[in-house]
Amino acid sequence: MAPSKLNSTDSCGNGNVSFCCSQPDNGFNDPLSLFHSEKAVQELLQQTPVQGTDDQHVEFSEALRTVAKALRRAAEGKASAQAEAAEWKRRYELERERNQRLQLKEHSPEEHNDDFNEERTKNSTNQSMLSNHTNKQSENCCINEICSHEILQDGETDSDSKMIQNRMMRKASFKLSWCCKSENSDQHKHDVVSFERGNITTAERSSKQISLKWESNPQTVLIMTKPNSTSVRILCADMVRWLKEHKRLNIYVEPRVRGELLTESSYFNFVQTWKDDKEISLLHTEVDVVVTLGGDGTVLWAASMFKGPVPPIVPFSLGSLGFMTPFYSQHYRDSLDSILRGPISITLRHRLQCHVIRDAATNEIETEEPILVLNEVTIDRGISSFLTNLECYCDNSFVTCVQGDGLILSTTSGSTAYSLAAGGSMVHPQVPGILFTPICPHSLSFRPLILPEHVTIRVQVPFNSRSPAWASFDGKDRKQLTPGDVLVCSMAPWPVPTACQVDSTNDFLHSIHEGLHWNLRKTQSFDGPLDQ
């Protein structure tokens, strides 16, 4: 009895688990029948004697366990459907905003000027300046741009400039737009889908460079540092002092870093921090820019602080390898001055959203909280001496059964990490995709895959597995997966924007040349034999 066959017909019989599970709350038309069926199966499992010498009893027991697994498929399908629905909702909202902007653009400029003049006569001079500034920001949010509007409007006059600044700009507003190095680039010629004369062209190439332009000045900076480093501690203190005295910015640091700064001098009493997880969850509403001082691990730690939207990250290289840290700490003043002034090139690094669904879960409420990873999620055999046995599905289609040391599901940003060491390919970080890389498979034909970013991958530990598996997320938060447990992974809707030294392609190639010495060899001598 193949798991794929049961999966294709469980409870609904139409082969579409996501569709079936999206109709009722728990994925079944009759919850009471589900409960009684599952209870009956459990009673049969307890009453049926399973002897190692009786093959028929063993097969019957395994069939009952497979049926029990199918009955619990509701929670798994629900999580997959929720992830897919969130992605489609995000795409729908972007498309609706784009259509609205197109409709606004079609209005005649005369009507726009009349409305502007009417509003100008109603307000005072100070209020009209504020309204004009806000309207410009909303108009600049045009086609092929992703905008952030977090400006608080307040028409009251105040003699204190600091009060006005705090009321108007709690969070900086910016926009993202496609850009290229020259106006004559061929990329501009293929921005829309065209069906004229049977010809189809691509729409909005993801390979374009992305530019960030501030619409209001950044006000708050979060600095995150690598621990247990004297050089990083000295650099952090100098950077905090410079940002406060020369840029007049509000500065957040980790509680550990604030304690280190106050130990050094009471001058740093103005530095802010957070107290609990609730304040951490609200950081994205306060912070405009995140500065990391360390290596790639510090960038991973900074990204893990934000479970939703992530502010732009400026990573300074103070580690051993720097695939995501293109800026040098020696020139941090020039770099930060240029970034705070804008515009800058950024790389949108995709993240994976992972759900662990336990075999004992009977509904979606019992599933664990989702985990976001920037590099990879790894499923391995842990301390067991047995091979890892994993059943893998892609959008409810059976992919393969992994027998080896484990499996890596990686983002393209993580393609130069564990996946590369396991034989995976290096992929440009702005290519949307999920890397499917086995770890020491016991098969000569098992090669890595690169799957599209819209799929949902499901990895399950089968009931006949000799040992449990272990999952780790960006190298931490290790969880045990017992037989019957499922790990569901899909692309998260919140990417991590990291600033570029030049642009995303130049920084990527520079990192693999400098960090890995990619394809480094002596040039062939020119004084050898020549073709006649």
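Quoted verbatim from the Sequence similarities (unreviewed entry) heading of the UniProt record, the comment on the chain is "Belongs to the NAD kinase family."

Points about the packing of aromatic side chains
Summed over all chains, the structure comprises seven aromatic pairs. Both rings, one in Trp 242 and one in Tyr 332, keep their centres 6.0 Å apart while their planes meet at 90°; by these two values the pair is edge-to-face. Highlighted residues: Trp 242 in helix α9 (residues 230-247) and Tyr 332 in helix α13 (residues 332-341), separated in sequence by 90 residues. Note on accessibility: Trp 242 and Tyr 332 belong to one class, buried. Each ring, one from Phe 316 and one from Phe 327, has its centre 5.8 Å from the other, and the planes form 50°; the classification is tilted. In this pair, Phe 316 sits in strand β7 (residues 313-317) while Phe 327 sits in strand β8 (residues 327-328), placing the two residues 11 residues apart along the sequence. On the basis of relative accessibility, which here comes to 4%, the residue Phe 327 falls in the buried class.

Here we look at the packing of α9 against α13
Relative orientation of the contacting elements α9 and α13 amounts to 45°, with a least axis distance of 11 Å. Accordingly, the angle class assigned to the pair α9 and α13 is oblique. Crossing of α9 over α13 shows right-handed handedness. On α13, the residues that touch Leu 235, Asp 238, Met 239, Trp 242, Leu 243 and Lys 247 of α9 are Tyr 332, Arg 333, Leu 336, Asp 337 and Leu 340. For the contact of α9 with α13, the residue count by class is seven nonpolar, no polar and four charged.

Points about the packing of α9 against helix α10 (residues 255-264)
Contact geometry of α9 with α10 gives a least axis separation of 11 Å together with a crossing angle of 80°. As judged from the angle between their axes, α9 and α10 are roughly perpendicular. Each of Arg 233, Cys 236, Ala 237 and Val 240 in α9 lies in contact with α10, whose residues at this interface are Val 257, Glu 260, Leu 261 and Glu 264. In the contact of α9 with α10, the residues fall into five nonpolar, no polar and three charged.

Side note on the pattern of salt bridges
Considering all chains together, one arrives at nine salt bridges under this definition. The partner of Arg 233 in a salt bridge is Glu 260, with the nearest N and O atoms 3.6 Å apart. Of this pair, Arg 233 sits in helix α9 while Glu 260 sits in helix α10, and the two are 27 residues apart along the sequence. The residue Arg 256 makes a salt bridge to Glu 254 at a minimum N-O spacing of 3.3 Å. Assessed through its relative accessible area of 32%, Arg 256 is described here as partly exposed. Residues joined in a network through salt bridges with shared partners are Arg 233, Glu 254, Arg 256 and Glu 260.

Focus on the pairing of strand β21 (residues 496-499)
Consecutive side chains of a regular strand alternate in pointing toward one face of the sheet and then the other. Side chains Val 496 and Thr 498 of β21 all project onto a buried face; the interleaved residues Pro 497 and Ala 499 project onto the opposite face, where all are buried too. Note that strand β9 (residues 344-349) and β21 share four bridges and pair antiparallel. Counted as the bridge partner of Arg 349 is Val 496 from β21.

Thresholds, definitions, all that
Residues numbered from 1 in each chain as written. Predicted model: local features only at pLDDT ≥ 70, side-chain atom pairs only at ≥ 80, totals over all residues. Heavy atoms only, no water. UniProt positions renumbered as here; feature names shortened; annotations may be inferred. Phe/Tyr/Trp six-rings, centres within 6.5 Å; stacked < 30°, edge-to-face > 60°. Helix = DSSP H or I, 4+ residues; strand = E, 2+ residues; numbered from the N terminus. Buried < 20%, exposed > 50% of the residue type's maximum accessible area, 1.4 Å probe, protein only. Axes fitted to C-alpha atoms, helices over the stretch in contact; angles between N-to-C directions. Parallel < 35°, antiparallel > 145°, perpendicular 65-115°, else oblique. Left-handed = near helix turned anticlockwise from the far one by under 90°. Contact = heavy atoms within 4.5 Å. Nonpolar A, V, L, I, M, F, W, Y, C, P; charged D, E, K, R; others polar. Salt bridge = Lys/Arg side-chain N within 4 Å of Asp/Glu carboxyl O. Pairing = 2+ DSSP bridges.

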